[in-house]
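Structural overview
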Amino acid sequence: MSEKKIIEVRDAYSLPEDVLEAVHTALNEDVEEIVSLFKVLADPTRLRILKALEVQSLCVCVLVEATDQKHSALSYHLKLLKEAGLVDSRRERSFQIYELTEFGNLLLRHIERHFEKN
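Presented here is an overview of the structure given in this document. (Residues numbered from 1 in each chain as written. Predicted model: local features only at pLDDT ≥ 70, side-chain atom pairs only at ≥ 80, totals over all residues. Heavy atoms only, no water.)

It is the contact of helix α4 (residues 60–67) with helix α5 (residues 71–83), at a shortest axis distance of 10 Å, that shows an interaxial angle of 115 degrees. Taken together, the axes of α4 and α5 lie roughly perpendicular to each other. Crossing geometry of α4 relative to α5 is assigned as right-handed. From α4, Val60, Leu63, Val64 and Thr67 reach across to α5, where they touch His71, Leu74 and Leu78. Considered class by class, the residues forming the contact of α4 with α5 number five nonpolar, two polar and no charged. (Axes fitted to C-alpha atoms, helices over the stretch in contact; angles between N-to-C directions. Helix = DSSP H or I, 4+ residues; strand = E, 2+ residues; numbered from the N terminus. Parallel < 35°, antiparallel > 145°, perpendicular 65-115°, else oblique. Left-handed = near helix turned anticlockwise from the far one by under 90°. Contact = heavy atoms within 4.5 Å. Nonpolar A, V, L, I, M, F, W, Y, C, P; charged D, E, K, R; others polar.)

Written as structure tokens, this is what we have:
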């Protein structure tokens, strides 16, 4: 068994050197993509859109009717959700249909499951 060097932090707490290095690595990771995702999820309108799309793929016109929001505002929210990889769209005749991506569906289910426990 190899001996591990112990690093003392503030005299009262000690960590093995490899653990401290792992902590430093974690603290220096690029988290901008995750921060962007949380910013998208922080808006109640966008979360409501995700929940509606969890029920069924929908046209923007249905979302406009259901939310009393303007078409331009909903288009903006949907654009952000699409850029975050949570929503995708397809053209169906003259309608733009939005649906949850696999990632969006998994993330929403995980979040909902967490809050069901509390």
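Considering the arrangement of structural elements, one finds Leu63 in helix α4. Accessibility expressed as a relative area gives 2% for Leu63, which makes it buried. Between the C-alpha atoms of Leu63 and Leu53, which are 10 residues apart in sequence, the distance is 9.4 Å. Residues contacting Leu63, with those up to four places away along its chain left out, are Ile49, Ala52, Leu58, Leu74 and Leu78. (Buried < 20%, exposed > 50% of the residue type's maximum accessible area, 1.4 Å probe, protein only.)

Bringing the packing of helix α3 (residues 44–55) against α5 into the picture now. Closest axis-to-axis distance for the α3/α5 pair is 10 Å, and the angle between their directions is 75 degrees. The pairing of α3 with α5 is recorded here as roughly perpendicular in orientation. Residues Thr45, Arg46, Ile49 and Leu50 of α3 touch α5, and the partners they reach there are Leu74, Tyr76, His77, Leu78, Leu80 and Leu81. Its residues assigned to classes, the contact of α3 with α5 shows seven nonpolar, two polar and one charged.

Shape is all these values report; function is a separate question.
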